[in-house]
Amino acid sequence: MARYINATLLDPFAGLFGYHVPVDSAVGYFVAALIHVLLLLQVVAVGALVFIWLERKVAGRIQDRLGPTRVGGRFGWLQTLADGLKLITKEDITPKDADHLLFKLAPYVSFAAGFCAYIPLPFANGWVAQEVNVAVFFFVAVLGLEVFGVILAGYASGSKWSLFGGMREAAQVVSYEVPIGICIVIPCLIAGSLNLVTIGNQQAGFFTNWFIFHDPFTFLVFWVYFTCAVASVNRAPFDLAEAESELVAGFHTEYSGLRWSYFFMAEYGSMFSVSLLAAILFFGGWNGPIPIFGPQMLDIAYGPNDVAFSPGGMIANFFGVMNVMLKAVFGVTVMMWVRWTLPRLRIDQVMTTCLKYCVPLAAFCFIGAVGWKLAEIPFLNDLAPVYKQGIGVVRESWVLREPLPVPSAENPPAAEAAPPAEATETTAAPVAAEARVAQGGLR
Amino acid sequence: MNPFTDPITVSHYLAVGAVLFVTGAVCMATKRNVLGVLMGVELVLNGANLNFIAFGSRFLRSETIGLDGELIALFVIVLAAAEAAVALAIALNFYNNHTTIDVDQADELKG
Amino acid sequence: MMHVPLAALDWQAIFFYLYALLACGFGLAVLASSNIVRMAFYLTLSLGATAGLFFLAGAEFIGAMQLLIYVGGTLVLLIFGVMLTAQDRFISMKTGAGEWVLGAVVGASLLLLLLRAGMSVESWTTPRADRSAIAMADARTTAPIGMALSGVRVDKLDPENQRLARGMSGYLLPFVIISMHLLVVLIGAGYMARTKRVAKGALAEQAAPAVPKARPRRPKSVTAGIVSGIVVNALLALFCFAVAVRERSTQSAAEQGIGAWLQRVVDWSDAAPNWFWPTLGLLFLASVLLLIVVYNWQRWGVVGLIATALVQALIVWNAGLGWLAVVALLAVTLVPALVLVGLLNATKPSLWSQMD
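Keep in mind the model is a prediction, meaning the values are calculated, not measured.

**Some remarks on the overall build of chain A**
Next, step 1: Of regular secondary structure, chain A possesses 14 helices and zero strands.
Next, step 2: Its helices and strands taken in sequence order, chain A reads α-α-α-α-α-α-α-α-α-α-α-α-α-α from the N to the C terminus.
Next, step 3: By sequence separation, contacts in chain A at least 24 residues apart represent 75% of the contacts at least 6 residues apart.
Next, step 4: Element-wise, carbon and sulfur atoms account for 69% of the exposed surface of chain A, whose accessible area totals about 20900 Å².

**Points about the domain arrangement of chain A**
Residues and elements named next belong to chain A.
Next, step 1: Partitioning chain A into domains gives domain 1 (1–89), domain 2 (90–380) and domain 3 (399–409 + 419–443).
Next, step 2: Counting the surface lost from both domain 1 and domain 2, the interface buries some 2100 Å², and carbon and sulfur atoms represent 80% of this.
Next, step 3: Salt-bridge contacts for arginine 339 lead to glutamate 55; the nearest nitrogen and oxygen are separated by 3.1 Å.
Next, step 4: Across the contact surface, domain 1 and domain 2 share seven residue pairs in polar contact (both at pLDDT 80 or more).
Next, step 5: Put simply, the parts of the chain that give the side of domain 1 that touches domain 2 at least two residues each are helix 2 (26–62) and helix 3 (79–88).
Next, step 6: Top contributing element to the side of domain 1 that touches domain 2 by residue count: helix 2, with 15 residues.

**Let's talk about the interface of chain C and chain B**
Next, step 1: Counting from both sides, the interface comprises 93 residues of chain C and, opposite them, 75 residues of chain B.
Next, step 2: Between chain C and chain B, a total of about 7600 Å² is buried, with carbon and sulfur atoms accounting for 74% of that surface.
Next, step 3: Counting across the chain C and chain B interface gives zero salt bridges.
Next, step 4: Linking chain C to chain B there are 15 residue pairs in polar contact (both at pLDDT 80 or more).
Next, step 5: Residue assignment for the side of chain C that touches chain B shows that the elements contributing at least two residues are helix 1 (11–32), helix 2 (36–56), helix 3 (60–84), helix 4 (88–91), helix 5 (97–118), helix 6 (122–125), helix 7 (142–150) and helix 8 (172–192) of chain C.
Next, step 6: The residue makeup of the side of chain C that touches chain B, split by class, is 61 nonpolar, 20 polar and 12 charged.

**Considerations on the pattern of salt bridges**
All names here are of chain A.
Next, step 1: Going through the model one piece at a time under the given rule, you end up with eight salt bridges over all chains.
Next, step 2: With a shortest N-O distance of 2.7 Å, aspartate 83 and arginine 56 are connected by a salt bridge. You can see aspartate 83 sitting in helix 3 and its partner arginine 56 sitting in helix 2, a full 27 residues away along the chain.
Next, step 3: Linking aspartate 239 and arginine 344 is a salt bridge whose minimum nitrogen-to-oxygen distance equals 2.9 Å. Here arginine 344 lies in the loop between helix 12 (311–339) and helix 13 (347–375) and aspartate 239 lies in the loop between helix 9 (216–232) and helix 10 (244–247), a separation of 105 residues in the sequence.
Next, step 4: Given a relative accessible area of 5%, aspartate 239 falls into the buried group.
Next, step 5: Taking the relative accessible area as the measure of exposure, arginine 344 reaches 34% and is therefore partly exposed.
Next, step 6: What you see here is one network of salt bridges that share partners, running through Glu55, Arg235, Glu267 and Arg339.

**A closer look at the confidence of the model for chain B**
Next, step 1: Here chain B averages 88 in pLDDT, and 94% of its residues register 70 or above.
Next, step 2: For this predicted complex, the interface score ipTM comes out at 0.92, alongside a pTM of 0.73.

**So, the nonpolar core**
A general tendency of soluble globular proteins is for nonpolar side chains to be buried together.
Next, step 1: Tyr118, Ile184, Leu196 and Tyr225 of chain A, Tyr13 and Met39 of chain B together with Ile62 of chain C are the most contacted members of the largest nonpolar core, which has 165 residues in total.
Next, step 2: Counting residues per element, this core draws most heavily on helix 3 of chain C, which supplies 14 residues.
Next, step 3: Every residue in contact with methionine 39 of chain B, bar those within four places of it in the chain, is listed here: Val30, Ile36, Met39, Ala40, Leu43, Leu78 and Val82 of chain C.
Next, step 4: Counting 21 residues, the second-largest nonpolar core is a separate cluster that includes Ala237, Val243, Val266 and Ala272 of chain C.

**Describing the environment of asparagine 201 of chain A**
All names here are of chain A.
Next, step 1: Tracing the backbone through its elements, the reader meets asparagine 201 in helix 8 (residues 196–202).
Next, step 2: A residue is classified by how much of its surface remains accessible, and asparagine 201, at 22% relative accessible area, is partly exposed.
Next, step 3: Separated by 56 residues in sequence, asparagine 201 and leucine 145 have C-alpha atoms that sit 29 Å apart.

**Thoughts on the confidence of the model for chain A**
Residue and element names in this part refer to chain A.
Next, step 1: Per-residue confidence for chain A gives a mean pLDDT of 79, with 77% of residues at or over 70.
Next, step 2: Of all the helices and strands in chain A, helix 14 (residues 428–439) carries the lowest mean pLDDT, 38, while helix 9 carries the highest, 94.
Next, step 3: Low confidence marks residues 408–443, where pLDDT is under 50. Its contacts with residues over four positions away, or in another chain, come to 57 contacts.

**Re unusual backbone geometry**
Note on backbone geometry: most residues besides glycine have negative phi, and most peptide bonds are trans.
Next, step 1: Even without glycine at this site, asparagine 234 of chain A takes up a positive phi of about 60°.
Next, step 2: With respect to the secondary-structure elements, asparagine 234 of chain A resides in the loop between helix 9 and helix 10.

**Let's talk about a nonpolar patch on the surface**
Residue and element names in this part refer to chain A.
Next, step 1: On the surface, a cluster of nonpolar side chains totalling about 1000 Å² of accessible area is made up of Phe206, Phe207, Ile290, Ile292, Met297, Leu298, Ile300, Ile315, Phe318, Phe319 and Met322.
Next, step 2: Relative to the helices and strands, isoleucine 290 is located in the loop between helix 11 (258–282) and helix 12.
Next, step 3: Residue isoleucine 290 is classed as partly exposed on the basis of its relative accessible area of 48%.

**Here we look at the packing of aromatic side chains**
Where two aromatic rings form a pair, the distance of their centres and the angle of their planes describe that pair.
All names here are of chain A.
Next, step 1: This model, assessed by the stated rule, comprises 32 aromatic pairs over all chains.
Next, step 2: Relative to phenylalanine 272, the ring of phenylalanine 51 has its centre 5.5 Å away and its plane inclined at 50°; by these criteria the two rings are tilted. Separated by 221 residues along the polypeptide, phenylalanine 51 in helix 2 and phenylalanine 272 in helix 11 bring together distant segments of the chain.
Next, step 3: Classification of phenylalanine 51 as buried rests on a relative accessible area of 3%.
Next, step 4: Among the residues examined, phenylalanine 272 registers a relative accessible area of 5% and is labelled buried.
Next, step 5: Summarising the aromatic geometry, the rings of phenylalanine 111 and phenylalanine 115 are spaced 6.1 Å apart at their centres and angled 10° between planes, so their arrangement reads as stacked. Taken together, the positions of phenylalanine 111 and phenylalanine 115, both in helix 4 (residues 100–116) and four residues apart, correspond to about one turn of that helix.
Next, step 6: A relative accessible area of 14% means that phenylalanine 111 is categorised as buried.
Next, step 7: Here phenylalanine 115 falls in the buried class, since its relative accessible area comes to 15%.
Next, step 8: Among the aromatic residues, those joined into a ring-pair cluster are Phe207, Trp210, Phe213, Phe219, Phe222, Trp223, Tyr225, Phe226, Phe282 and Phe283.

Rules used throughout
Residues numbered from 1 in each chain as written. Chains lettered and ligands numbered in written order. Predicted model: local features only at pLDDT ≥ 70, side-chain atom pairs only at ≥ 80, totals over all residues. Heavy atoms only, no water. Helix = DSSP H or I, 4+ residues; strand = E, 2+ residues; numbered from the N terminus. Contact = heavy atoms within 4.5 Å. Areas by Shrake-Rupley, 256 points an atom, 1.4 Å probe, with all protein chains shown as cover. Domains from an automatic or database assignment. Buried area = accessible area lost by both parts, 1.4 Å probe. Salt bridge = Lys/Arg side-chain N within 4 Å of Asp/Glu carboxyl O. Polar contact = N/O pair within 3.5 Å; in protein donor to acceptor, adjacent residues only side chain to side chain. Nonpolar A, V, L, I, M, F, W, Y, C, P; charged D, E, K, R; others polar. Buried < 20%, exposed > 50% of the residue type's maximum accessible area, 1.4 Å probe, protein only. pLDDT = per-residue confidence, 0-100. Core = buried A, V, L, I, M, F, W, Y, C linked by side-chain atoms within 4.5 Å. Patch = residues over 30% accessible without salt bridge, like charges linked within 9 Å, V, L, I, M, F, W, Y side chains within 5 Å. Phe/Tyr/Trp six-rings, centres within 6.5 Å; stacked < 30°, edge-to-face > 60°.

And the structure:
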């Protein structure tokens, strides 16, 4: 995108003044980065807006009332805007005992970590802020940084109750990182890559290709992941850190006005990002239930090796974005639904759920999914496969194809590289190739 | 020579690693709080890790030690985490027994 | 400032200086600060900047690991520790000026030494020759790292030095060792840091030295019985082991003295399996130990004696040495055990009831 900006936008513009902007220029990169950041900020901010309104409506309906109905017409669309205005005009209070630097810094740390988690998340095929090869790993790592904002807020408020709330929440988030890690690894091992764009593309075709239908263990793992994700973002029934009846508001008791709204945006941002991750890992991401734009029907989507611009591809990607947003928003709605239905758990119940139920279940499903994939037992994924997943789908150039001669003085071992093929399935070759790698004298 | 146009070499990374290492060492030597000493240890290990990564990086030189550098850094990270856990347990026990976290008070072999 | 066209700027250099400045700056802030919580926060930022440096050097897996494990795990642990001990008087502890001077002198000299060493090697100060060939594919180290940890070095498929090719093993052994190490360390740390609930009364009890329980007087017959039992069983164990050694020795049979006697026993027990004599010897040794247990007022020693006698009889009968051997064995082992039980119950009040 940066080169495109350089070549087609900046160069003619600068040409008017007599300058030449080369394709590699840094200006294009900066502009492209700025555009990505603005788009993501818009997703987070408008998302928070919509979700707060949605939460109040959902809560109202579950409690047999209407929710906001006055601001902005019959459905109260602009209620959140009014709330935001109120928060901005509130007095900014910093407690006397607070550590001023850390008190003011904590909301930004929390929000920054939550926002950075959107960097590796793709919204359509290739539409990602930065395509990181270790995308899933990066996401889990950055999500773990959010706990710093919580701890700092709890400590810097200068009150014992905030400290308790912050410590409890930090313990909860950090404990639930373990089952989340195990659950996230399972779709990665089914796809054979940590790259989220690859994982999404592997689920192209009919909805039976989605990884949640790969084997019953993955189906179970999705529910475990959802539970752990709800716990990780401190939503009910795991929200004892903000338990209004016990700790007033936990770690953000002393925060008011705009600072508090940063915490709230961070929370809704995290909810949306873990739902988005679940949508990409388990529910096929930007692939709809029926492959309309794919090669089977309209055939206007981008192919695996397309680099040129095509309007059909852009349309397909737009619909992909709509798909993935719908799935993620549905996930967030389920989180809200669960919040207003279930009672809150105590801290020891929260820890019990994590350590006694989620972790063993996730580990058991991990072994089950690995065994299922190794034994290549067919399941729903094989009904209408587009990209068949063998055991070692050839994606790395160093997988050998020729048997290695025994290394001796005269004939050094030569490795003939297989061309990196993203989509082709070669069940026989990788298994045999792995066997050759093992016996090919690589000690 | 404009420093911003010269390419980065391994020596640049080694310099940063050296600064982190020395900072950590002085931190270990001068802090009175046990947890301050622990932070010094983390800085020292990070300086060493930076060295390993620099030697194994393909961006910085043509002939590198390759994956070995990254793998050693990986093992160092893991071992540093384990060591921090044990050191914290010792520090907590010390605090519970002596109600102080000052290393200058830890001058008896008893208890 | 000299006019440098935008295209000539080395952006890797600019980002390197940015991250390096952040890392070193926050590291020095850790050193300079005296507030423990702020030190923890600055350390977090310093380690995050180091992760950025890792990404810049093309080690994306290690960079993500640094963020995940170091920043997200170790530092959270450290901050927990800080919070648990953050009483008012411990939050800011200042160091004396003399220590600062000493630390500064040693630190400066060490820094000079390291910097000089770092700039000394030619190969370290020259950048990569073909900088245009640097590709993102060089940074895709995740799968090769995974394969190396499983034992296959896919990055060294065609080594230049053929003689080193046989030594290119993977990192499987260190990987397994580290897993075991982590398990042990975390269990140990979790145990060490557990909350110890000690009630006030229990403390006083633990402070007083343990008083041994008062035991009744033991009649001489019982003591004599136990001691003679120990001696006899020890001699029998020695005898069994001697026969076993004789059985296994390959030298020609000695025709006089003890060797001849032992050889006769070996010939007599030819039908027995070859674990017969060592096992019998071990059981006699077990009887010795059980008699010592009985001497220490434990009841289970007596039970063990009877059980050992029965097991020995079973073995002898199984070995097919004839019922005479079984009877002889029982006479030597079981009968004295039963006599011991009788003696223990003979006194009034019986010693048996006063053992535990």
